[in-house]
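What follows is the residue order along each chain.
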Amino acid sequence: MDATFATGKELQKMDPVFGQLSFDDHEQIVFCNDKDTGLKAIIGIHNSVMGPALGGTRMWNYNTEWEALNDVLRLSRGMTYKSAITGLNIGGGKAVIIGDAKTQKTPELMRKFGEFVHSLGGRYITAEDVGMETKDMDTVRDVTPYVTGISEERGGSGNPSPITAYGVYLGMKAAAKSQFGTDVLEGKKVLVQGIGHVGEALVEYLTKEGAIVTITDINEEKLYQVASKYNASIYSGEDLYTADVDIYAPCAMGAIINDATVDKIKAKVIAGAANNQLADENIHGARLQERGILYAPDFLINAGGIINVYAELEHYGKAEIMTKTENIYNTTLEIIDYAVKNGMTTHKAALTIAQNRIDLRRIENAKK
Ligand code: NAD
């Protein structure tokens, strides 16, 4: 049930697929290659006990294929637990496309990717993730119905990022209530790392409430644009993990809470959108707990996006999307409570509750 993130040379020492540290009894891993379009993708189906595997497609310029495989294994597993903890009847899957989304993504490549998704007959349903736009999902929709996150004009739920940001905001408020005794974020110092689709919308919620927001991103142009739009400060220190803030919101890439950063963090709450924030769930989750830092499990509080796209499968509307997303607040509090009562980290508590649901469903499925 626990996964560890490995990089570079460490990865290469392991057996290619089933021996990866991130391999966690995944049901199916599909390698997709197309010479004409240059498509190189990996689809990971982690678990389909709760239903077909739903999860976004990430396009990223991975340094090695090992990194891409490791990412899809971790991300697809995360989707299983995210959907289970959120109470959705779907399993966990994810896809990665190896390449630069800015220069290598073409409609032909996306269509070819869609054909691979289609070949799985609905066992995997895709959506957008980093490097993808709603229009890319529309392109995939041209060749397969097994895609969500398509545009509203085409009957889809549109861009999931604002709903994801809303869920992160509510999860952050719940964590603040537990840690600071109040969920009011006015006057709280919040560092948002990554002001992309989700991060920017989160900055909007936070500044509206009167939080003192500092932002950081590798995209300088965006940084200045978002800073001036929401009156946020740009982080100017040497090492952002040492920033003197109350809340740290990682909204860029995963594994940022690792050996090099975990002991530096000064924030008392960590609540952000990035998937797989803990490089090692056991070691870094426990270290945060020892240091008195409350970690709001990423796969729980960033579930707004999956709730949004799931609406396309279940045909429910905006009101139900909002109700389900608002529930993230209560679920976060329940998980913190469970963690305290059972002497475990919040991450472990969320995983345990989700795994219990999956085990129960497996028994029910077997009886049918
Ligand atoms: P995005 O690509 O729109 O934004 C990511 C931002 O992070 C970009 O602005 C990028 O420049 C920045 N970034 C990358 N590396 C960085 C670094 N080292 N330091 C600082 N900034 C860096 O992606 P997004 O859709 O906003 O998603 C953000 C995170 O949330 C991802 O981890 C994604 O998997 C996760 N997530 C997104 C959704 C969603 O609905 N979009 C849902 C669940 C989880």
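Cut-offs used in this document
- Residues numbered from 1 in each chain as written.
- Predicted model: local features only at pLDDT ≥ 70, side-chain atom pairs only at ≥ 80, totals over all residues.
- Heavy atoms only, no water.
- Helix = DSSP H or I, 4+ residues; strand = E, 2+ residues; numbered from the N terminus.
- Buried < 20%, exposed > 50% of the residue type's maximum accessible area, 1.4 Å probe, protein only.
- Contact = heavy atoms within 4.5 Å.
- Areas by Shrake-Rupley, 256 points an atom, 1.4 Å probe, with all protein chains shown as cover.
- Lys, Arg positive; Asp, Glu negative; His and termini not counted.
- Charge placed at Lys NZ, Arg CZ, Asp CG, Glu CD.
- UniProt positions renumbered as here; feature names shortened; annotations may be inferred.
- Pairing = 2+ DSSP bridges.
- Polar contact = N/O pair within 3.5 Å; in protein donor to acceptor, adjacent residues only side chain to side chain.
- Near = heavy atom within 4 Å.

Per an unreviewed UniProt entry, the recorded name for the protein chain is Leucine dehydrogenase, and the organism is Flavobacterium collinsii.

Caption draft 1: Region of the structure containing the overall build of the protein chain. What the protein chain contains, in helices and strands, is twelve helices and twelve strands. Along the first, second and third principal axes, the C-alpha set of the protein chain runs to 50 × 50 × 50 Å. Considering the protein chain as a whole, with its 368 residues, one finds that 57% of them fall into the buried category. Here the contacts in the protein chain between residues at least 6 apart in sequence split such that 67% fall between residues at least 24 apart. Here the protein chain has roughly 15,600 Å² of accessible surface; of this, 49% comes from carbon and sulfur atoms. In the protein chain, 38 side chains carry a positive charge and 48 a negative one; their mean positions are 2 Å apart.

Caption draft 2: Representation of the UniProt feature "binding site: NAD(+)" (unreviewed entry) in the protein chain in the model. What UniProt calls "binding site: NAD(+)" (unreviewed entry) maps, in this numbering, to Gly194, Ile195, Gly196, His197, Val198 and Gly199. You can see Gly194 is positioned in the loop between strand E7 (189–193) and helix H6 (197–209). Taking relative accessible area as the criterion, Gly194 reaches 5% and is therefore assigned buried. With near-sequence residues (within four places) excluded, Gly194 lies in contact with Gly199, Thr216, Asp217, Cys251 and Ala252. Looking at the element boundaries, Ile195 is found in the loop between E7 and H6.

Caption draft 3: Layout of the pairing of strand E8 (residues 212–216). For E8, a buried count of four out of five residues is recorded, marking the element as mostly surrounded by other parts of the structure. Relative to E8, E7 is paired through five bridges, and the arrangement is parallel. Bridging across to E8, Leu191 finds its partner in Thr214. Strand direction decides the pairing type here: E8 and strand E9 (residues 233–234), joined by two bridges, are parallel.

Caption draft 4: Looking closely at the environment of Asp217. Note on placement: Asp217 falls in the loop between E8 and helix H7 (220–230). Using a relative accessible area of 22% as the deciding quantity, one classes Asp217 as partly exposed. Sequence separation between Asp217 and Val198 is 19 residues, and the spatial gap between their C-alpha atoms is 13 Å. Contact partners of Asp217, with chain neighbours within four places excluded, come to Gly194, Ile195, Gly196 and Leu223. Among the polar contacts listed, one links the side chain of Asp217 to the backbone nitrogen of Ile195, at a separation of 2.8 Å. A polar contact is formed between the side chain of Asp217 and the backbone nitrogen of Asn219, at a distance of 2.7 Å.

Caption draft 5: Just the UniProt feature "active site" (unreviewed entry) in the protein chain, in detail. The positions UniProt marks with the feature "active site" (unreviewed entry) are Lys94. Following the sequence through the fold, Lys94 ends up in strand E5 (residues 91–98). Sequence-distant contacts of Lys94, that is, excluding residues within four places in its chain, are made with Ile42, Ile43, Gly44, Gly55, Gly56, Val72, Leu75, Ser76, Met79, Tyr124, Asp129 and Asn275.

Caption draft 6: Representation of the site of the ligand in the model. Around the ligand lies a shell of 20 residues, among which Arg58, Thr164, His197, Asp217 and Ala252 are the nearest. Ser161 is positioned with one of its side-chain polar atoms (N or O) 3.2 Å from a nitrogen atom of the ligand. Calculation on the ligand without its partners gives an accessible area of 830 Å², and the protein chains cover 84% of this total. Elements with a contribution of two residues or more to the shell around the ligand: helix H5 (161–180) and H6.

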